[in-house]
Amino acid sequence: RDESTWADAWNLVQRYNLDEGGKYELPPEIRSVLKAGMEKEELNVQHEEDTKIISEGGNSSSFVDESRTVLVGNNALAVDAAASEALKLGYNPVVLGTTIEGEAIHIANMYISMAQQIALQRNNDSDDHEQTSTSLFPISRLPAALIAGGETVVTLPDDHGMGGRNQEIGLAAALQMKKLALRNVVVASVGTDGTDGPTDAAGAVVDGSTIDRIEHDNGFTCLGETSLQHHDAYTFFDSSDRHGSLIKTGATGTNVADVCAILIK
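Nothing here was measured: the structure is a model prediction, and the numbers come from that model.

### Details of the overall build of the chain
A tally of helices and strands in the chain yields 12 helices and 6 strands. The 265 residues of the chain split such that 35% are buried. Considering only residue pairs separated by 6 or more positions, the chain has 73% of its internal contacts joining residues 24 or more positions apart. Just so you have it, the chain exposes about 15200 Å², and 52% of that area is on carbon and sulfur atoms.

### Quick notes on the packing of helix H9 (residues 165-180) against helix H10 (residues 210-217)
Running from amino to carboxyl end, H9 crosses H10 at an angle of 105 degrees, the nearest separation of the two axes being 8 Å. In terms of orientation, H9 and H10 fall into the roughly perpendicular class. Across the interface between the two elements, Leu 171, Ala 174, Leu 175 and Lys 178 from H9 touch Thr 210, Ile 211, Asp 212 and Glu 215 from H10.

### Let's talk about the confidence of the model for the chain
On average, the chain scores 88 in pLDDT, and the residues at 70 or more come to 86%. Low confidence marks residues 60-64, where pLDDT is under 50. Its contacts with residues over four positions away, or in another chain, come to 4 contacts.

Quick notes on the rules
Residues numbered from 1 in each chain as written. Predicted model: local features only at pLDDT ≥ 70, side-chain atom pairs only at ≥ 80, totals over all residues. Heavy atoms only, no water. Helix = DSSP H or I, 4+ residues; strand = E, 2+ residues; numbered from the N terminus. Buried < 20%, exposed > 50% of the residue type's maximum accessible area, 1.4 Å probe, protein only. Contact = heavy atoms within 4.5 Å. Areas by Shrake-Rupley, 256 points an atom, 1.4 Å probe, with all protein chains shown as cover. Axes fitted to C-alpha atoms, helices over the stretch in contact; angles between N-to-C directions. Parallel < 35°, antiparallel > 145°, perpendicular 65-115°, else oblique. pLDDT = per-residue confidence, 0-100.

So this is what it looks like as structure tokens:
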């Protein structure tokens, strides 16, 4: 039996700034239900009903029997929704999984390696040479969309900049695409709660020219490679007024981990 009370629930609302006007304000319908439950509880009505059930031979299972738990969202649903949208836009979607973990920079390099492999089909389709394994056994036909979910990590030293795991994926991916001269590939990585690290950004969207554009805009006062070394992705992306790569959605009111989409044309 769940021993928590309506007052316990309302204390959480206040503690995490979920009340009216709060940073993560709950919908009014939910607040109304919680307030009504708390008021009823204060009058001991609920307590009297519980006592009556138990005195009449009820047990803890009766409370379970009368309750229903509904899972309204998870990372798999978010990833599937992204893949469905990619299909509508004409891409061939591939879901890489919903439990992607590891250092953000390593995961970013893996994503770009897969994107590069898929992009090699352009060369195979444009010449008359014998087909290679790239065209015979591709991850997906072009145009492709790789969709992945999960949560990466960033191991921070004592001296570090500002950012989040999704912004770090974006910066690492942008640097790798520049190194490989990889074009017609876009990477977007976001936190579904709308907040990535201690910043107001949900994540970042980048391509192979992002690094050059931003460095040119900021007069080369903030470099991508240096920013990645100091885990300072937010500062780098925010250093350009014209070519912002930060994705800012505001708080979404939910959290089902992260979603990354890689589009290859």
